[in-house]
Amino acid sequence: MSTLSEVAAHAGVTSATVSNVLRNRGRVGAATRQRVLDAVEALGYRPHLAARALAEGRAPTLALMVSSIANPFYPEFALAVERAAREHGRYVIICNTNQDPQAGRAYLEQIAGTLSEGVLVMNANLDFADLHQTAARGAPVVLCMWERPHDPPGLPCVAVDFRH
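Residues numbered from 1 in each chain as written. Predicted model: local features only at pLDDT ≥ 70, side-chain atom pairs only at ≥ 80, totals over all residues. Heavy atoms only, no water.

*Asks:* Looking at this model, I keep getting lost on the pattern of salt bridges. Mind explaining?
*Replies:* Under the criterion given, the structure shown has three salt bridges. With its nearest N and O atoms 2.8 Å apart, the salt bridge here joins arginine 86 to glutamate 82. A residue pair is termed a helical-turn pair when its members lie 3 or 4 positions apart in one helix, as arginine 86 and glutamate 82 do in helix α5 (residues 73-87) at four residues. Among the residues examined, arginine 86 registers a relative accessible area of 52% and is labelled exposed. Between arginine 105 and aspartate 130 there is a salt bridge, with its nearest N and O atoms 2.9 Å apart. One end of the pair, arginine 105, is in helix α6 (residues 101-110); the other, aspartate 130, is in helix α7 (residues 128-136), and 25 residues separate them in sequence. (Salt bridge = Lys/Arg side-chain N within 4 Å of Asp/Glu carboxyl O. Helix = DSSP H or I, 4+ residues; strand = E, 2+ residues; numbered from the N terminus. Buried < 20%, exposed > 50% of the residue type's maximum accessible area, 1.4 Å probe, protein only.)

*Asks:* How should I be thinking about the pairing of strand β4 (residues 141-146) in this particular structure?
*Replies:* Each regular strand carries side chains that alternate between the two faces of the sheet. Relative to β4, strand β3 (residues 118-122) runs parallel, the two being bridged by three bridges. For leucine 120, the partnering residue across the bridge sits in β4 and is valine 142. Bridge count between β4 and strand β5 (residues 157-159): three bridges; the pairing is parallel. Following the sheet pairing, leucine 143 is matched in β5 by cysteine 157. (Pairing = 2+ DSSP bridges.)

The structure is reproduced here in structure tokens:
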């Protein structure tokens, strides 16, 4: 896989110019823009999302944690999340905990705030202390389909009042 620096050298421009072209930022002349795009095509360059996340201090992904992707409701919800995320230039990582709190904790420790910018939690059998700790580290956590609107969890949530 080629690097941004290799694309810059191939196009005869700086790495900053390549970045500006790929992100549609800054002022880049039409001829220079085309040289960069030609170099990207010739070298088969693809942005390295982890490197971009390090450079920007945030990942372009969101983690969607579910207790079981086999639950027929979750794939439909995941499609809606993915569609909304894509509209905002984000990608979605599906984290299936299989109702195992240790698996959920591992996802929170390894993905939240590193590979993902935030976490959407759908009944993933997670301990609230782990969720609060994740939020305290700076990774936003949102509970989806919170089924006890009378008992707020102390985290942002989308609540469902089944009685009404």
